[in-house]
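Fold and contact review
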Amino acid sequence: EAQVTQNPRYLITVTGKKLTVTCSQNMNHEYMSWYRQDPGLGLRQIYYSMNVEVTDKGDVPEGYKVSRKEKRNFPLILESPSPNQTSLYFCASSSGQLYSGNTIYFGEGSWLTVV
Amino acid sequence: GQQVMQIPQYQHVQEGEDFTTYCNSSTTLSNIQWYKQRPGGHPVFLIQLVKSGEVKKQKRLTFQFGEAKKNSSLHITATQTTDVGTYFCAGRTNFGNEKLTFGTGTRLTIIP
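What comes next is a walk through the structure. (Residues numbered from 1 in each chain as written. Chains lettered and ligands numbered in written order. Predicted model: local features only at pLDDT ≥ 70, side-chain atom pairs only at ≥ 80, totals over all residues. Heavy atoms only, no water.)

What to know about the sheet that holds strand β1 (residues 4-7) of chain B
All names here are of chain B. Put simply, the rule is: If DSSP finds at least two bridges between two strands, the strands pair. Numbering of helices and strands runs from the N terminus, with a helix taken as a DSSP run of H or I at least four residues long and a strand as a DSSP run of E at least two residues long. Axis definition: a line fit to C-alpha positions, over the contact stretch in the case of helices; interaxial angles, taken between N-to-C directions, run 0 to 180 degrees.
Here 5 strands make up an open sheet; going across it, the order is β1-β3-β8-β7-β6 and the pairing antiparallel. In this open sheet, the two strands that pair with only one neighbour each are β1 and β6 (55-58). Taken over all neighbouring pairs, the strand axes of this sheet differ in orientation by 15 degrees on average, direction set aside. As paired elements, β1 and strand β3 (residues 19-25) share 4 bridges and run antiparallel to each other. Bridge pairing in β3 places Val4 opposite Ser25.

Digging into the interface of chain B and chain A
Operational definition: Residues count as neighbours in contact if any of their non-hydrogen atoms are within 4.5 Å of one another. Values labelled buried area give the accessible surface lost by two parts on being combined, using a 1.4 Å probe and summing over both. Any Lys or Arg side-chain nitrogen found within 4 Å of a carboxyl oxygen on Asp or Glu counts as a salt bridge. Side-chain atoms alone can form a polar contact between residues adjacent in sequence; in general such a contact is a pair of N or O atoms within 3.5 Å, and within protein one must be able to donate a hydrogen while the other accepts it.
Of the residues lining the interface, 23 residues belong to chain B; the matching set on chain A comes to 25 residues. Of the roughly 1,900 Å² buried between chain B and chain A on both sides combined, carbon and sulfur atoms contribute 57%. Between the two partners, chain B and chain A, sit 0 salt bridges. Connecting chain B to chain A are 1 residue pair in polar contact (both at pLDDT 80 or more). Listing elements by their share of the side of chain B that touches chain A, those giving two or more residues are β4 (31-37), β5 (43-49), β9 (85-92) and β10 (101-102) of chain B. Looking at the side of chain B that touches chain A, the element that brings in the most residues is β4 of chain B, giving 4 residues.

A closer look at the sheet that holds strand β7 (residues 65-66) of chain A
All names here are of chain A. One open sheet holds the 4 strands; their spatial order is β1-β3-β8-β7, and the pairing between them is antiparallel. What marks the edges here is a single partner per strand, and that holds for β1 (4-7) and β7. As defined by bridge partners, β7 adjoins strand β8 (residues 76-78) across 2 bridges and the pair is classed as antiparallel. In the sheet register, Lys65 faces β8, and the bridge partner there is Ile77.

A look at the side chain of Ser49 of chain A
All names here are of chain A. Put simply, the test is: Exposed residues in this analysis have more than 50% of their type's maximum accessible area, buried residues have under 20%, and partly exposed residues fall in between, with area computed by a 1.4 Å probe over protein chains only.
If you trace the backbone, Ser49 turns up in strand β5 (residues 42-51). Owing to a relative accessible area of 0%, Ser49 belongs among the buried residues under this scheme. At 2.9 Å, the side chain of Ser49 forms a polar contact with the backbone oxygen of Asn51. Not counting the four nearest positions on each side in its chain, Ser49 is found in contact with Glu30, Tyr31, Met32, Val54, Thr55, Arg68 and Phe74.

A closer look at the environment of Lys57 of chain B
Positionally, Lys57 of chain B belongs in strand β6. Note: C-alpha distance between Lys57 of chain B and Leu74 of chain B (17 residues apart in sequence) is 9.6 Å.

Some points on the environment of Asp18 of chain B
All names here are of chain B. Of note, Asp18 is situated in the loop between β2 (10-14) and β3. In this structure, the C-alpha to C-alpha distance between Asp18 and Thr79, residues 61 residues apart in sequence, is 5.8 Å. Filtering out sequence-adjacent residues up to four positions away, Asp18 remains in contact with Val13, His75, Ile76, Thr77, Ala78 and Thr79. Polar contacts involving the side chain of Asp18 include one to the side chain of His75, which spans 3.5 Å. A distance of 2.8 Å separates a polar atom in the side chain of Asp18 from the backbone nitrogen of Ala78.

Quick look at the state of the cysteines
Covalently bonding the sulfur atom of one cysteine to the sulfur atom of another cysteine gives a disulfide. The condition that has to hold: The definition used for a disulfide is geometric: two cysteine sulfur atoms within 2.5 Å.
According to the stated counting rule, one finds 2 disulfides over all chains in the structure shown. Across a sulfur-sulfur distance of 1.9 Å, Cys23 of chain A and Cys91 of chain A are joined as a disulfide pair. Taking the torsion about the sulfur-sulfur bond, which here is approximately -75 degrees, the covalent link between Cys23 of chain A and Cys91 of chain A counts as left-handed. One end of the pair, Cys23 of chain A, is in strand β3 (residues 19-25); the other, Cys91 of chain A, is in strand β9 (residues 87-94), with 68 residues separating them in the sequence. Residue Cys23 of chain A is classed as buried on the basis of its relative accessible area of 2%. One disulfide in the model links Cys23 of chain B with Cys89 of chain B; its S-S distance is 1.9 Å. Measuring the twist about the S-S bond at about 70 degrees, one finds the Cys23 of chain B-Cys89 of chain B disulfide to be right-handed. Of this pair, Cys23 of chain B sits in strand β3 while Cys89 of chain B sits in strand β9, and the two are 66 residues apart along the sequence.

Purely geometric stuff here, so don't read any function into it on its own.
Next up, the structure:
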């Protein structure tokens, strides 16, 4: 079954404590991306990756890091989380470039609260 | 930067009525995508439009891309309770640029 798996699904953490949200896909997709969803703001792209070792900033990359060492994994790293990073995070993947009309698959989401 | 606005923000309709959400971009788009997110769920890809003036249909859903490629709409005919959720458009400005800008979404609720 095609899946994008995120962990953890729910996390409450404290300001400044480094955390990583993992994302893994089992479809051998080249393209992966991270979004955050906040009320009234829709989904905003944080980072995306076109392939292994290739990453690029989205619209709201500040405070986040990513890496793409393997095709299947695309972790999101918060080096020093702050309360304004409290949000619902989604990982997504696609088999190719978006203009080709390839379906994008989203993970189930990770609820992150920073206190 | 690029902005994508969606209206209305909320829409309540009686079951069986039609529903339309509109998406407007501040810049010309290379293509536009539509997603549906059920309450408590994750976005699910519905469709992508690429050509100026393009119209695509999926059963009761009709998607349009404006002639100027700066606006789009999603129309649902005869809504059903299964249509409940938030509908998002998402646009890209350049081919080869995988930066997607999502609209703010329209939350649809159905009154049985």
